[in-house]
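A look at the structure
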Amino acid sequence: MPSRAATLARAADLRARFETAGAVPVETPILQPAGTLLDLYGEDIRARAYVTSDALRGEQMLRPDFTVPVVQMHMAHGAEPARYTYAGEVFRRQEQDPDRPNEYVQVGYEVFDRANPAGADAEVFALIADILAPLSLRAVTGDIGLLMAAVQGLQTSDARKAALLRHIWRPRRFRALLDRFSGKTPAPKTRSALLKKKDPLAKSGPVIGLRSVPEIKARIAALREDAATAPISSGEVELIDAVLAVRETSHFALEQLRDIAVDLPAIGAAVGRMQERLDALDARGIPIGQLEFDASYGRTLMEYYDGFVFGFYAATRPDLPAVSSGGRYDALTRQLGQGAEIPAVGGVMRPGLILELEAAT
């Protein structure tokens, strides 16, 4: 493993590369307010973040990444367009793999530019690809926006669409919901028994827990409405599966998605954005005929990505995480901008992994 001093030195070099590309260096506090992260990710974030607290500031989290605080900073004070870079430690709890570090150095590059989102996607990807070129890494791309558009185009209730969209980044839960909403798997027996009762709260005893009686009644009403909703058709489920199954080089993937869009026109705009991005990547010298595309890629990355996603991996070291990863997060700027928004895309690199791979060559 490279020394901390060597890792920090390489991080400084990488940040200097991004500064040369026009980025302004920024710093963010290591301790982040837990409320913002909990609002974005829900309680799930506790499973991968270190949480602490004090009497004045309440719950705090050791910085799990830089993107959220950089977006907050830009939405509060930034001009347009803007490019930022940063370097420093991030902290991630590891509950399953003791060999993965729970603290490591990240270097990032973020672009806020509404004039040409496809060009910004290509800019970030091409810059990182150029830096990593000596390592001959495998690049993988995807587009979360395709699946989001497919879900939004389903002929079903808004509540079901919202549930599916909320779990896009949890593939098993997404599949379980899709199977239940399509009638492939029945609703839990306990739920069916509850909804058969004229008054489910009758003789239920005292209320125990955090939910009030009105909240419980609202939940029961929502379950009744869902039970009365017609199943998602098998044809629509097949189209969702067809989108998720697209794994090809980018040219062929685009053709497959165009074919799917004939029967699923909701993804048409997302497919058009993919074409624009590929044109922009080609203009920057990226060999898109060899560039791998996987429509399912990115569904286990950070939950704020909502468009183009990418990662760079060492083919000879499948045990290692991505040396670099990133993507588009337009919706995050809307969530943190209090009504304002701006298209944004970024990527991070791990200088420690770069040094480790260089030492092995």
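What comes next is a walk through the structure.

Cut-offs used in this document
Residues numbered from 1 in each chain as written. Predicted model: local features only at pLDDT ≥ 70, side-chain atom pairs only at ≥ 80, totals over all residues. Heavy atoms only, no water. Helix = DSSP H or I, 4+ residues; strand = E, 2+ residues; numbered from the N terminus. Rg over C-alpha atoms; globule rule 2.2 N^0.38 Å. Buried < 20%, exposed > 50% of the residue type's maximum accessible area, 1.4 Å probe, protein only. Phe/Tyr/Trp six-rings, centres within 6.5 Å; stacked < 30°, edge-to-face > 60°. Lys NZ or Arg CZ within 6 Å of the ring centre and 35° of its normal. Polar contact = N/O pair within 3.5 Å; in protein donor to acceptor, adjacent residues only side chain to side chain. Contact = heavy atoms within 4.5 Å. Pairing = 2+ DSSP bridges. Axes fitted to C-alpha atoms, helices over the stretch in contact; angles between N-to-C directions. Parallel < 35°, antiparallel > 145°, perpendicular 65-115°, else oblique. Left-handed = near helix turned anticlockwise from the far one by under 90°. Nonpolar A, V, L, I, M, F, W, Y, C, P; charged D, E, K, R; others polar. Salt bridge = Lys/Arg side-chain N within 4 Å of Asp/Glu carboxyl O.

**Some details on the overall build of the chain**
- Helix and strand content of the chain: 14 helices and 12 strands.
- Its C-alpha atoms give the chain a radius of gyration of 22 Å, within 12% of the compact-globule value 21 Å for 361 residues.
- Seen through its C-alpha atoms, the chain measures out along the principal axes to roughly 70 × 55 × 40 Å.
- Evaluated residue by residue, the chain yields a buried proportion of 49% over its 361 residues.

**Section: the packing of aromatic side chains**
- This structure, assessed with the given rule, holds 12 aromatic pairs.
- Judged by centre distance (5.5 Å) and plane angle (90 degrees), the ring pair of F125 and F310 falls under edge-to-face. Placement of F125 in helix α4 (residues 117-132) and of F310 in strand β10 (residues 308-313) is noted, with a sequence separation of 185 residues between them. This pair shows no difference in class: F125 is buried, exactly as F310 is.
- Through successive ring pairs, a cluster of aromatic residues spans Y84, F112, Y304, Y305 and Y329.
- The ring of F174 carries R299 above its face, with NZ or CZ at 5.0 Å from the centroid.
- The cationic tip of R350 hangs over the ring face of Y104; the distance from NZ or CZ to the ring centre is 3.6 Å.

**Here's the deal with the side chain of Q60**
- Positionally, Q60 belongs in strand β4 (residues 58-62).
- Only 3.3 Å separates the side chain of Q60 from the backbone oxygen of R57, close enough to count as a polar contact.
- Dropping the residues within four chain positions of it, Q60 is found in contact with L31, Q32, P33, A34, Y50, V51, T52 and S53.

**Considerations on the sheet that holds strand β7 (residues 138-143)**
- Strand order in the open sheet formed by 9 strands is β1-β5-β6-β12-β11-β10-β7-β9-β8, with mixed pairing between adjacent strands. The strands lining the two open edges of the sheet, one partner per strand, are β1 (24-25) and β8 (247-249).
- For β1 and strand β5 (residues 82-91), the ladder comprises 2 bridges, and the chain directions are parallel. Each bridged residue has a counterpart across the sheet, and for V24 the counterpart in β5 is Y84.

**What to know about the sheet that holds strand β2 (residues 31-33)**
- Taken together, the 3 strands give an open sheet; going across it, the order is β2-β4-β3, and neighbouring strands pair in antiparallel fashion. The outermost strands of the open sheet, each flanked by one partner alone, are β2 and β3 (51-54). Averaged over neighbouring strand pairs, the angle between their axes works out to 45 degrees when direction is ignored.
- Sheet topology places β2 next to β4; 3 bridges connect them, and they run antiparallel. Counted as the bridge partner of Q32 is M61 from β4.

**Examining the packing of helix α6 (residues 158-166) against helix α7 (residues 171-181)**
- Interaxial distance between α6 and α7 falls to 9 Å at its minimum, and their mutual angle equals 160 degrees. The angle between the axes of α6 and α7 places the two elements in the roughly antiparallel class. By crossing handedness, the relation of α6 to α7 is classed as left-handed. Only F174, L177, L178 and F181 of α7 make contact with α6, whose side of the interface consists of R160, A163 and L164.
- For the contact of α6 with α7, a count of residues per class yields 6 nonpolar, no polar and 1 charged.

**With respect to the pattern of salt bridges**
- Counted by the stated rule, this structure contains 21 salt bridges.
- Among the salt bridges present, the one from E80 reaches R114, with a minimum N-O distance of 2.8 Å. Taken together, the residues span a long stretch of sequence, with E80 in the loop between α3 (67-77) and β5 and R114 in the loop between β6 (103-112) and α4 at a distance of 34 residues.
- Through salt bridges with shared partners, one network takes in D121, D143, R277, R328 and D330.

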